[in-house]
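Understanding the architecture of this molecule
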Amino acid sequence: MDTAFHWIAFNILVLIAVALDLGVFHRKAHKISLREALVWSLIWIALACAFGLAILYFYGKQPALEFFTGYVIEKALSVDNLFVFVVVFRVFAVKEEYQQRVLGYGILGALLMRGAMIAAGAALINRFTWITYVFGAFIAYAGAHMLFASEAAGHPENNFLVRYFSKHLRLTKEYRGEKFFTRESGQLFATPLLLVLLVVEITDVTFAVDSIPAVFGITRDPFIVYTSNVFAILGLRALYFLLAGVLDKLRYLKAGLALVLIFVGVKMITEPWLHISVGVSLAVVSAMLLLTVILSLVARKIASQ
């Protein structure tokens, strides 16, 4: 599947989808309702499933399983981004009607950066086969760190790049609607919304360092790694507005995501001696996530009694 035709055709479809999303369906700033978020989440999930079924029809069971497993892993790990997005929007006091614009352009930047990171990862694996064990160890460590790290929220406004641009850009003191830049007294100023977008991009790159190698633990096909990433990222904005209000209630979800990373990392390290099929991997990952959600809901119900 890793041919020039596949890459060109898929990226053309992605550009069309992003253009329609940003330029037509979400052109005007508005508060995203729960119903709208649910509809768009289902649309993006349906498109991902349709793409996976197309792979199944044209290329067979194994590539399709790899795509669906990669998609589930990326979709699950992207939820961790959402926790940070909630904090970012609270810290910077971004109005709800402007959050969808930040996430929309953040997703566009994420697609470009993840494409470059996947290309670099594929080149490393092809040239240095032992790098797989390094990726595996790093993913397992990241999972363990997530599992045992403190739950205290970070302070995105203290990020080095954010502080640097705050000092070196002509920055308005207040937001100017949904604008990232504004012209005042003949001079071009950045708005605080641009800094929020910068934090969103930094956050995505940080989490992609974990998630992209995790999908390489399932498949070595860079096209499948890329497409599963893209579909997970395209649905991220709708997923944010769908789950933002309930993320704090899923108390064990982070533990589930951590266990997914540990599982994939161990799988990559032990692959030469213990082969775990893609189908089994998909079942294990899905079971871990489902179990942590159920436990979270049960714990919340018990606590409320």
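Look up: the structure comes first, before these words.
What counts and how
Residues numbered from 1 in each chain as written. Predicted model: local features only at pLDDT ≥ 70, side-chain atom pairs only at ≥ 80, totals over all residues. Heavy atoms only, no water. Axes fitted to C-alpha atoms, helices over the stretch in contact; angles between N-to-C directions. Helix = DSSP H or I, 4+ residues; strand = E, 2+ residues; numbered from the N terminus. Left-handed = near helix turned anticlockwise from the far one by under 90°. Contact = heavy atoms within 4.5 Å. Core = buried A, V, L, I, M, F, W, Y, C linked by side-chain atoms within 4.5 Å. Buried < 20%, exposed > 50% of the residue type's maximum accessible area, 1.4 Å probe, protein only. Pairing = 2+ DSSP bridges. Patch = residues over 30% accessible without salt bridge, like charges linked within 9 Å, V, L, I, M, F, W, Y side chains within 5 Å. Areas by Shrake-Rupley, 256 points an atom, 1.4 Å probe, with all protein chains shown as cover. Salt bridge = Lys/Arg side-chain N within 4 Å of Asp/Glu carboxyl O. 1 Å grid on protein atoms, 1.4 Å probe; cavity = no way out; pocket = protein on both sides within 12 Å on 5 of 7 lines; lining within 4 Å. Points joined across faces, edges and corners; volume = space filled by probe spheres on them. Nonpolar A, V, L, I, M, F, W, Y, C, P; charged D, E, K, R; others polar. Phe/Tyr/Trp six-rings, centres within 6.5 Å; stacked < 30°, edge-to-face > 60°. Expected span 1.5 Å × (residues − 1). Polar contact = N/O pair within 3.5 Å; in protein donor to acceptor, adjacent residues only side chain to side chain.

1. A word on the packing of helix H4 (residues 96–127) against helix H7 (residues 192–216)
In contact at an axis separation of 9 Å, H4 and H7 are set at 35° when each is read in the N-to-C sense. Remark: the crossing between H4 and H7 carries right-handed chirality. On H7, the residues that touch Val102, Tyr105, Gly106, Gly109, Ala110, Met113, Arg114, Met117, Ile118, Gly121, Ala122 and Ile125 of H4 are Leu193, Val196, Leu197, Val200, Glu201, Asp204, Val205, Ala208, Val209, Ser211, Ile212 and Phe216.

2. Remarks on the nonpolar core
Membership of the largest hydrophobic core comes to 82 residues, with the highest contact counts inside it found for Phe10, Phe85, Phe89, Val102, Leu111 and Tyr240. Examining the composition of this core, we find that 13 residues originate from one element, helix H3 (residues 61–91), more than from any other. Apart from the residues lying within four places of it in its own chain, the contact partners of valine 102 are Phe89, Phe180, Leu193, Val196, Leu197 and Val200.

3. A word on the pairing of strand E2 (residues 187–190)
Pairing between strand E1 (residues 181–184) and E2: four bridges, direction antiparallel. Paired with arginine 183 across the strands is leucine 188, a residue of E2. Hairpin remark: E1 followed by E2, antiparallel, with two residues in the connecting loop; positive phi at serine 185, about 55°.

4. Overview of a nonpolar patch on the surface
Residues Leu124, Phe128, Trp130, Tyr133, Val134, Ile269, Trp273 and Leu274 make up a contiguous nonpolar surface patch of roughly 800 Å² in combined accessible area. For leucine 274, a relative accessible area of 49% translates into the label partly exposed.

5. Observations concerning the layout of surface pockets
Here the second largest pocket defines a volume of roughly 580 Å³. Lining the second largest pocket are 21 residues; nearest its centre among them are Lys75, Val79, Leu239, Leu243 and Val293. Looking at the lining of the second largest pocket, the elements that each hand over two or more residues are helix H2 (34–59), H3, helix H9 (236–243), helix H10 (253–270) and helix H11 (278–304). The leading source of residues in the lining of the second largest pocket is H3, at six residues. Looking at the lining of the second largest pocket residue by residue, the classes come out as 17 nonpolar, three polar and one charged.

6. Brief notes about the packing of aromatic side chains
All told, the structure shown has 17 aromatic pairs when counted by the stated rule. Grouping aromatic residues by their ring pairs yields a cluster made of Trp7, Phe10, Phe51, Phe67, Phe68, Tyr71, Phe223, Tyr226 and Phe231.

7. A word on the environment of aspartate 210
Inspection of the secondary structure assignment puts aspartate 210 in helix H7. When the C-alpha atoms of aspartate 210 and phenylalanine 135 are compared, they prove to be 8.8 Å apart, with 75 residues separating the residues in sequence. If near-sequence neighbours (up to four positions away) are discounted, aspartate 210 is found in contact with Phe138, Ile139, Ala142 and Leu261.

8. What to know about the environment of tyrosine 175
For tyrosine 175, the position within the fold is in the loop between helix H6 (160–168) and E1. Assessed through its relative accessible area of 26%, tyrosine 175 is described here as partly exposed. Each C-alpha atom, one on tyrosine 175 and one on proline 192, is 5.9 Å from the other, the two residues being 17 residues apart in sequence. With residues up to four places along the chain from it excluded, the contact list for tyrosine 175 reads Phe92, Ala93, Val94, Pro192, Leu193 and Val196.

9. Topic: helix H8 (residues 222–234)
The terminal C-alpha atoms of H8, which comprises 13 residues, lie 18 Å apart, in line with the 18 Å expected from a rise of 1.5 Å per residue. Its side-chain oxygen 2.9 Å from the backbone nitrogen of phenylalanine 223, aspartate 221 forms the N-cap of H8.

10. Topic: the pattern of salt bridges
Counted by the stated rule, this structure contains three salt bridges. In this structure, arginine 114 engages glutamate 74 in a salt bridge whose closest nitrogen and oxygen atoms are separated by 3.1 Å. Of this pair, arginine 114 sits in helix H4 while glutamate 74 sits in helix H3; the two residues are 40 residues apart in sequence, bridging distant segments of the chain. The buried category is assigned to arginine 114, whose relative accessible area is 4%. We classify glutamate 74 as buried; its relative accessible area is 2%. A salt bridge links glutamate 184 to arginine 176, with the shortest nitrogen-to-oxygen separation between them at 2.7 Å. Judged by its relative accessible area of 29%, arginine 176 is partly exposed.

11. Considerations on H10
Counted at 1.5 Å a residue, the expected span for H10 with its 18 residues is 26 Å, and the 26 Å between its end C-alpha atoms agrees. The complete set of buried residues in H10 reads Leu253, Gly256, Leu257, Ala258, Val260, Leu261, Phe263, Val264, Gly265, Lys267 and Met268. At its buried positions, H10 is contacted by H3, helix H5 (131–148), H7 and H11.

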